[in-house]
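Below, each chain spelled out in residue letters.
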Amino acid sequence: MTLEERLINGDRRAVARMITLVENNDHDAFEILKKLYHRSGNAYVIGITGPPGAGKSTLTDKLVKHIRTLGKTVGVIAVDPTSPFTGGAILGDRVRMSDISMDPGVFIRSMGARGHLGGISQGTSAAIKVLDIYGCDYIFVETVGVGQSEIDIVKNCDTTLMVMVPGLGDDIQAIKAGVMEIGDVFAINKSDRDGAKRTAREINAMLDFSSKDWRPPVEMVIATENQGVDKLFEQVEVHRQYLEETGNFQQRRFDNTKNELIEMVKHKIVGQLMDESYKQEIVNELSDRVAKRMLDPYTAIDTLYDKVIKQES
Amino acid sequence: MDRPIRVLVAKPGLDGHDRGAKVIARALRDAGMEVIYTGLRQTPEQIVNAAIQEDVDCVAISILSGAHNTLLPKVVALLKQENAEDILVVGGGVIPDEDIPFLKESGISEVFTPGTPTEVTINYIREHVK
Ligand SMILES: Nc1nc2c(ncn2[C@@H]2O[C@H](COP(=O)(O)OP(=O)(O)O)[C@@H](O)[C@H]2O)c(=O)[nH]1
Ligand SMILES: [Mg+2]
């Protein structure tokens, strides 16, 4: 059987191999995705982000366990940072997912960010599609919240769950700009710790300034004790309902798709800039002349675009 | 294809400390590999299930509890059952020399006893993954 057939048949090894291949930018794998793309779109994608150690993996474990009691299948993609120096990574999210790791209705995959600063790469977006085609009803995507990646995750999911912890203090001020706009639902995890109520109050206060239609709810949870998790998932479902009833669901998927297409074109063009040695020579030569002030960068860019991308001589 | 080697570092058995596993995990990461770390007290079933989902090239099992003669061959057998015998399985930890031939016969590719420099393990994995 071909990989494509095995994937359609729900062969878990085929799913795993497809994710590896798309992650490695394998041409044949994308040919398969081209054929099967129409089968995707049925999974509800939940992004889960927040500071390192906030309890994102633990919370995912408990949320997924809850969703499984509703008879739905779940995929989990957990992205961890890659070392910029060696390209290596330690992907440790599975340690916190022991409640669900042996459940045949759950497929967990760890990924290195591979140069995407803890964020979401094209490989991750493609992996989401693979799990979607495989037939998961829900897909969780866990990423570490470090600036850009929080923004990236929104562009790949239907509901973004922001995980905060008590005692962030001034940090809340610092991260609020990026964070407040992107969270659709907020969880104050580790609410067994001092200051949880205060943190919830502070976040609520900031959210009151939001001018969006949707006012994100804030839930206090204790992931390790499975407290507040059902309620938190209910809020995710309320957000989903809101999206669907207001037409914002289609709008969000349109926005995400458009953004993804533009990103892919950018990626392709940048790739084309350097994919042959003669092009690299042109880039090097122009860079040299611009650096020495023999040429201005604006003219150089026009030349580069015409010669390399449009391939005029 | 230029891609990172993926290794599952697992720590089965009931003894509750994983320093050795963490040392090897870090060394493999520093060698540019993607290490999937699954934590303590993993059963062979859990190890194999994770290895399949993570599509790893290698399973590295760190073991101290003395149960290596049952746990290691069990992992190999379960991988075979899943048609995943192409995944390289190596073991490390306190394993008496006289047990090594049996383990190799059971499909463990290599056994690294305490004191083996991490480079030896790294090179072995690099050379033997498919
Ligand atoms: N006290 C307390 N600790 C928690 C809670 N949730 C998670 N933790 C612990 O926080 C640490 C980091 O959790 P993890 O899920 O790996 O965080 P992540 O980095 O955000 O994925 C672990 O030691 C968890 O056991 C909680 O609700 N209360
Ligand atoms: Mg995590």
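The structure presented is a predicted model; accordingly, all values stated were derived computationally and were not measured.

A. Broad picture of the overall build of chain B. Assigned secondary structure in chain B consists of five helices and five strands. Of the regular secondary structure in chain B, the N- to C-terminal order runs β-α-β-α-β-α-β-α-β-α. Relative to the 2.2 N^0.38 estimate, which gives 14 Å for 130 residues, the radius of gyration of chain B is 13 Å and therefore close to what a compact globule would have. Judged by the C-alpha coordinates and their principal axes, chain B covers about 40 × 35 × 25 Å. For chain B, the proportion of its 130 residues judged to be buried stands at 56%. Considering only contacts in chain B between residues 6 or more positions apart, those separated by 24 or more positions represent 71%. For chain B, the accessible area works out to roughly 5700 Å², and carbon and sulfur atoms hold 51% of it.

B. Fine view of the coordination of the magnesium ion (ligand 2). All names here are of chain A. The protein atoms donating to the magnesium ion (ligand 2) are Ser57 (OG), Asp93 (OD) and Glu142 (OE), with metal-donor distances spanning 2.1 to 2.2 Å. Ordering the donors of the magnesium ion (ligand 2) by residue number gives the pattern S-x35-D-x48-E. Placement of the pair is Ser57 in helix 4 (residues 56-69) and Asp93 in the loop between strand 3 (89-91) and strand 4 (106-112), with a sequence separation of 36 residues. For Ser57, a relative accessible area of 6% puts it in the buried group. A relative accessible area of 7% means that Asp93 is categorised as buried.

C. The arrangement of unusual backbone geometry in detail. Here the phi dihedral of Arg293 of chain A falls at roughly 65 degrees; this positive angle occurs in a residue that is not glycine. The topology assignment puts Arg293 of chain A in the loop between helix 11 (277-291) and helix 12 (297-309). The class of Arg293 of chain A is exposed, set by a relative accessible area of 71%. One non-glycine residue, Arg41 of chain B, lies in the positive phi region at around 55 degrees.

D. Looking closely at the sheet that holds strand 7 (residues 185-188) of chain A. Residues and elements named next belong to chain A. If you trace the seven strands from one edge of the open sheet to the other, you get 4-2-5-1-6-7-8, paired in parallel fashion. Here the strands that pair on one side only, and so sit at the sheet edges, are strand 4 and strand 8 (218-220). Direction aside, the axes of adjacent strands within the sheet are offset by 20 degrees on average.

E. View of the site of ligand 1. Residues and elements named next belong to chain A. In the region of ligand 1, 16 residues are neighbours, and Gly53, Gly55, Lys56, Thr58 and Asp192 sit closest. Between ligand 1 and Asn189 there is a distance of 3.0 Å, counted from a nitrogen atom to a side-chain nitrogen or oxygen. A distance of 3.0 Å is found between an oxygen atom of ligand 1 and a side-chain nitrogen or oxygen belonging to Lys190. For ligand 1, the accessible surface in isolation is 580 Å², of which the surrounding protein chains cover 77%. A per-element tally of the shell around ligand 1 places helix 4 first, with three residues.

F. Region of the structure containing the interface of chain A and chain B. Taken residue by residue, the interface counts 26 residues in chain A and 29 residues in chain B. Between chain A and chain B, roughly 2300 Å² of surface is buried when both sides are summed, and carbon and sulfur atoms account for 49% of that area. Three residues, Arg13, Ile90 and Arg94 of chain A, lead the burial of chain A against chain B; their summed loss comes to 28% of the area buried on that side. Applying the counting rule to chain A against chain B returns five salt bridges.

G. Inspection of the pattern of salt bridges at higher detail. On inspection of all chains with the given rule, the structure shows 32 salt bridges over all chains. Among the charged side chains, a salt-bridge network with shared partners connects Glu23, Arg94, Arg109 and Arg114 of chain A together with Arg6, Glu34 and Glu54 of chain B.

H. Local environment of the environment of Val290 of chain A. Here Val290 of chain A shows up in helix 11. Other than its neighbours up to four places away in sequence, Val290 of chain A contacts Leu295, Asp296, Pro297 and Ala300 of chain A.

I. Main features of the packing of aromatic side chains. Summed over the entire model, instances satisfying the criterion amount to six aromatic pairs over all chains. Aromatic side chains Trp214 of chain A and Tyr242 of chain A sit 5.0 Å apart centroid to centroid with 35 degrees between the ring planes, which places their arrangement in the tilted category. Of this pair, Trp214 of chain A sits in the loop between helix 8 (196-207) and strand 8 while Tyr242 of chain A sits in helix 9 (residues 229-246); the two residues are 28 residues apart in sequence, bridging distant segments of the chain. Residues Phe112 of chain B and Tyr124 of chain B carry aromatic rings whose centres are separated by 5.7 Å and whose planes lie at 75 degrees to one another, so their mutual orientation is edge-to-face. With a gap of 12 residues between them, Phe112 of chain B in strand 5 (residues 110-112) and Tyr124 of chain B in helix 5 (residues 118-128) connect regions that are remote in the sequence. Since its relative accessible area comes to 15%, Tyr124 of chain B is described here as buried.

J. Up close: the side chain of Asp132 of chain A. Residue and element names in this part refer to chain A. For Asp132, the position within the fold is in helix 5 (residues 122-134). Despite its burial, Asp132 pairs with no opposite charge, the nearest such side chain being Arg253 at 5.8 Å. A polar atom in the side chain of Asp132 sits 3.2 Å from the backbone nitrogen of Ala43. Not counting residues up to four positions away in its chain, the partners in contact with Asp132 are Arg39, Ser40, Gly41, Asn42, Ala43 and Ile139.

K. Just the environment of Lys65 of chain A, in detail. Residue and element names in this part refer to chain A. In this fold, Lys65 is placed in helix 4. Residue classification places Lys65 among the partly exposed residues on the basis of a relative accessible area of 37%. Separated by 36 residues in sequence, Lys65 and Ser101 place their C-alpha atoms 9.9 Å apart. Setting aside residues no more than four positions away along its own chain, Lys65 makes contact with Asp99 and Ile100. Within polar-contact distance, the side chain of Lys65 engages the side chain of Asp99 at 3.2 Å.

L. Summary view of the packing of helix 10 (residues 248-274) of chain A against helix 11 of chain A. Residue and element names in this part refer to chain A. Look at helix 10 against helix 11: their axes get within 6 Å of each other, and the N-to-C directions meet at 90 degrees. Relative to helix 11, the element helix 10 is oriented roughly perpendicular. Together, Gln272, Leu273 and Met274 of helix 10 and Lys279, Gln280 and Val283 of helix 11 make up the contact between the two elements. Classifying every residue of the contact of helix 10 with helix 11 by side-chain character gives three nonpolar, two polar and one charged.

Cut-offs used in this document
- Residues numbered from 1 in each chain as written.
- Chains lettered and ligands numbered in written order.
- Predicted model: local features only at pLDDT ≥ 70, side-chain atom pairs only at ≥ 80, totals over all residues.
- Heavy atoms only, no water.
- Helix = DSSP H or I, 4+ residues; strand = E, 2+ residues; numbered from the N terminus.
- Rg over C-alpha atoms; globule rule 2.2 N^0.38 Å.
- Buried < 20%, exposed > 50% of the residue type's maximum accessible area, 1.4 Å probe, protein only.
- Contact = heavy atoms within 4.5 Å.
- Areas by Shrake-Rupley, 256 points an atom, 1.4 Å probe, with all protein chains shown as cover.
- Donors = N, O, S within 2.8 Å, 3.2 Å for Na, K, Ca; no water.
- Pairing = 2+ DSSP bridges.
- Axes fitted to C-alpha atoms, helices over the stretch in contact; angles between N-to-C directions.
- Near = heavy atom within 4 Å.
- Polar contact = N/O pair within 3.5 Å; in protein donor to acceptor, adjacent residues only side chain to side chain.
- Buried area = accessible area lost by both parts, 1.4 Å probe.
- Salt bridge = Lys/Arg side-chain N within 4 Å of Asp/Glu carboxyl O.
- Phe/Tyr/Trp six-rings, centres within 6.5 Å; stacked < 30°, edge-to-face > 60°.
- Lys, Arg positive; Asp, Glu negative; His and termini not counted.
- Parallel < 35°, antiparallel > 145°, perpendicular 65-115°, else oblique.
- Nonpolar A, V, L, I, M, F, W, Y, C, P; charged D, E, K, R; others polar.

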